[in-house]
Amino acid sequence: MRKTYVLAALITGLAGLERNALANGWNMPVGVTEVSRHVHGLHMTIFWICVVIGAVVFSVMFYSLFRYRRSKGAQAANFHEHTTVEIFWTAIPLLILVAMAIPATATLRHMYDASEADLEVMVTGHQWRWHYDYVGEDVGYFSNLTTPREQIDGTQAKDANYLLEVDQPLVLPVDRKVRLLMTSSDVIHSWWVPDLAVKKDAIPGFVNEAWTRIDEPGIYRGQCAELCGKDHGFMPVVVHAMAQDEFDAWLAERKQEAAAAASGVDRNWTLPELMERGEQVYGSICASCHQPEGQGLPPTFPALVGNQALLEDLEGHIDTVVNGVAGTPMPAFSGTLNAVDIAAVITFERNAWGNDTGDIIQPSTIQAQLSP
Amino acid sequence: MWGVVKSVLAAFFGVQKERQRQHDFSEGKPVAFIMTGIVLAVALVIAILLVATLASR
Ligand SMILES: [Cu+2]
């Protein structure tokens with residue numbers, strides 16, 4: 001009788017501990033999708049199976065150590081084989097494993113079924129930022145880290161979303177099945193958002209599929225989960241889930257912006273306009289490699305400031321930014337930046353930090369190279 | 001023949017009686033065990049595939 005009470009108290013205590021661990025963020029999150037709840041359920045089931053096995057095995061062990069100690073004159077049994085016992089200790093783990101594998105496989109099959117999606121987003125990993133492209137919608141953009149340098153260097157207090165904040169999150173509608181097509185432009189990255197229970201490798205030359213259907217509007221944060229170089233810890237994932245009508249309005253606005261950018265290609269831009277735009281593009285995209293003042297990190301990332309060979313070769317400069325340099329970390333920006341951004345950033349690089357060449361590169365020049 | 005099959009299945013499971021093991025290692029040819037092992041391994045793979053396709057329908 002008393003033993004039952006002790007056991008019941010122990011179980012309630014452990015269950016309380018589990019809730020506590022969840023609230024403190026020690027445990028895996030339950031998340032906001034059907035799949036994430038399944039995954040959390042599996043995780044807890046397997047965890048408790050392990051706890052029970054551990055409790056049984058260690059109880060028997062400590063009981064035997066105590067009960068059959070030598071000072072009480074215990075004699076070790078001396079036998080070599082015992083087929084029945086061997087069959088038992090082989091069959092029991094086998095059954096436990098099969099029992100765990102059945103629900104786990106069912107969940108995995110569900111996770112892998114990316115068919116019949118309402119919306120498709122291409123997710124491309126870059127060193128070191130994510131690029132999102134709404135398939136068939138003409139909307140695509142980079143998502144850059146916005147944590148200020150001072151917080152990273154420790155001269156300023158870190159805020160709650162330190163290293164988990166971006167300029168433009170991935171925006172998704174709730175209650176819709178979204179297919180995510182993952183790939184990479186350079187090395188292997190991995191797109192991971194714990195609250196969605198999605199973690200998928202983004203591999204250059206391959207397209208991996210994942211999907212999610214978010215139940216609650218909100219902001220969900222994650223990180224790149226595959227060591228991908230110097231700024232691996234500086235390319236977070238932020239997902240902003242909103243109601244379908246809000247999402248539609250957002251998408252329409254983004255399409256308008258894209259159209260406005262396209263019309264900007266045809267007009268003539270002034271140097272100050274290009275410099276302003278170029279500085280923004282440079283700061284969010286190029287500075288992680290070529291450094292904020294253009295000084296680079298030789299020998300890997302060349303300096304742009306006072307780079308004579310580069311400043312004398314405008315054609316080469318344009319070609320490098322548009323087409324990248326194969327076999328090096330320098331990416332091609334023809335698919336990810338528009339003509340205005342490319343023209344602006346090149347103009348900026350040729351006139352900033354005392355590079356004063358006076359060159360003005362018009363977006364129309366770049367456009368001609370983007371769509372030959 | 002049945003004895004060989006039983007020994008191979010015991011090896012798959014990982015538990016064998018010492019007496020049987022002594023017997024297997026002193027009598028019979030290794031070739032019989034190897035061939036039976038290959039045939040049963042293929043059968044096991046087919047059985048698992050079958051269960052998997054049935055379960056995932
Ligand atoms: Cu990465």
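Worth saying up front: this structure is predicted, and the values here are computed from it rather than measured.

On to the interface of chain A and chain B, then. Tallying the contact residues gives eight residues for chain A and seven residues for chain B. At the boundary of chain A with chain B, total buried surface from both sides reaches about 620 Å², with 65% on carbon and sulfur atoms. At the junction of chain A and chain B, the tally comes to zero salt bridges. Applying the counting criterion to the chain A and chain B interface returns one residue pair in polar contact (both at pLDDT 80 or more). Grouping the amino acids of the side of chain A that touches chain B by side-chain chemistry returns two nonpolar, three polar and three charged.

Further remarks concern the packing of helix 9 (residues 339-351) of chain A against helix 10 (residues 363-370) of chain A. Residue and element names in this part refer to chain A. Between helix 9 and helix 10, whose axes approach to 8 Å, the crossing angle comes to 120°. Considered as vectors, helix 9 and helix 10 are oriented oblique to each other. In the crossing of helix 9 with helix 10, the sense of the turn from one axis to the other is right-handed. Counting all contacts with helix 9, which are made through Ala-339, Val-340, Ile-342, Ala-343 and Ile-346, the residues of helix 10 involved are Pro-363, Ile-366, Gln-367 and Leu-370. Partitioning the contact of helix 9 with helix 10 into residue classes produces eight nonpolar, one polar and no charged.

The subject of this paragraph is the coordination of the copper ion. All names here are of chain A. His-189 (ND1), Cys-224 (SG), Cys-228 (SG) and Met-235 (SD) make up the full set of protein donors to the copper ion, lying at 2.0 to 2.6 Å. The coordination sphere of the copper ion comprises four donor atoms, whose angles at the metal cover 94 to 127°; the geometry is tetrahedral. Looking at Cys-228, the relative accessible area reads 4%, which means it is buried.

Working definition: two side chains of opposite charge can pair if their charged atoms are close together. Residue and element names in this part refer to chain A. In total, this model carries eleven salt bridges over all chains according to the counting rule given. In this structure, Arg-350 and Asp-359 form a salt bridge, with 2.7 Å as the shortest nitrogen-oxygen distance. A residue is classified by how much of its surface remains accessible, and Arg-350, at 1% relative accessible area, is buried. Taking the relative accessible area as the measure of exposure, Asp-359 reaches 22% and is therefore partly exposed. Salt bridges sharing partners connect three or more residues here, namely Glu-120, Arg-179 and Glu-209.

Residues and elements named next belong to chain A. Its boundaries defined by the atoms lining it, the largest pocket holds a volume of some 920 Å³. Here the lining of the largest pocket is built from residues that sort into twelve nonpolar, eleven polar and seven charged. Roughly 630 Å³ of internal volume is contained in the second largest pocket. Around the second largest pocket, the lining comprises 20 residues; the ones closest to its centre are Arg-149, Gly-283, Ala-287, Ser-288 and Pro-292. Counting residues per element, the ones that place at least two in the lining of the second largest pocket are helix 4 (149-153) and helix 6 (271-290).

Bringing the sheet that holds strand 6 (residues 189-193) of chain A into the picture now. Residue and element names in this part refer to chain A. Strand order in the open sheet formed by five strands is 4-10-9-6-7, and the pairing between neighbours is mixed. In this open sheet, the two strands that pair with only one neighbour each are strand 4 (170-173) and strand 7 (198-202). Geometrically, the sheet is characterised by an average inter-axis angle of 25° between neighbouring strands, direction not taken into account. Inspection of the sheet shows strand 6 paired to strand 7 by five bridges, in the antiparallel sense. Bridge pairing links Ser-190 to Asp-201 in strand 7. Set on the sheet, helix 5 (residues 244-264) makes contact with strand 4 and strand 10 (237-242); between it and strand 4 the angle comes to about 135°.

Splitting chain A by domain gives domain 1 (2-64 + 83-112), domain 2 (119-261) and domain 3 (267-370). Here the C-alpha centre of domain 3 of chain A lies 55 Å away from the C-alpha centre of domain 1 of chain A.

Residue and element names in this part refer to chain A. By size, the foremost hydrophobic cluster in this structure holds 37 residues, and its most contacted members are Val-121, Tyr-134, Trp-191 and Val-239. Considering each element in turn, this core owes the most residues, four residues, to strand 10. Core analysis: the next-biggest nonpolar cluster, separate from the first, contains 29 residues, Ile-285, Cys-286, Ile-318 and Ile-346 among them.

Residues and elements named next belong to chain A. Read from one edge to the other, the open sheet built from five strands follows the order 3-2-1-5-8, with strand pairing classed as mixed. Strands at the two margins of the open sheet, each flanked by one partner only, are strand 3 (139-143) and strand 8 (208-212). Taken pair by pair, the neighbouring strands of this sheet meet at an average axis angle of 25°, ignoring direction. Pairing of strand 1 (residues 119-126) with strand 2 (residues 129-134) involves six bridges; the strand directions are antiparallel. Within strand 2, the residue paired with Thr-124 across the bridge is His-131.

Parameters and conventions
Residues numbered from 1 in each chain as written. Chains lettered and ligands numbered in written order. Predicted model: local features only at pLDDT ≥ 70, side-chain atom pairs only at ≥ 80, totals over all residues. Heavy atoms only, no water. Contact = heavy atoms within 4.5 Å. Buried area = accessible area lost by both parts, 1.4 Å probe. Salt bridge = Lys/Arg side-chain N within 4 Å of Asp/Glu carboxyl O. Polar contact = N/O pair within 3.5 Å; in protein donor to acceptor, adjacent residues only side chain to side chain. Nonpolar A, V, L, I, M, F, W, Y, C, P; charged D, E, K, R; others polar. Axes fitted to C-alpha atoms, helices over the stretch in contact; angles between N-to-C directions. Helix = DSSP H or I, 4+ residues; strand = E, 2+ residues; numbered from the N terminus. Parallel < 35°, antiparallel > 145°, perpendicular 65-115°, else oblique. Left-handed = near helix turned anticlockwise from the far one by under 90°. Donors = N, O, S within 2.8 Å, 3.2 Å for Na, K, Ca; no water. Tetrahedral: all angles 85-135°; square planar, octahedral: opposite > 155°, others 65-115°. Buried < 20%, exposed > 50% of the residue type's maximum accessible area, 1.4 Å probe, protein only. 1 Å grid on protein atoms, 1.4 Å probe; cavity = no way out; pocket = protein on both sides within 12 Å on 5 of 7 lines; lining within 4 Å. Points joined across faces, edges and corners; volume = space filled by probe spheres on them. Pairing = 2+ DSSP bridges. Domains from an automatic or database assignment. Core = buried A, V, L, I, M, F, W, Y, C linked by side-chain atoms within 4.5 Å.

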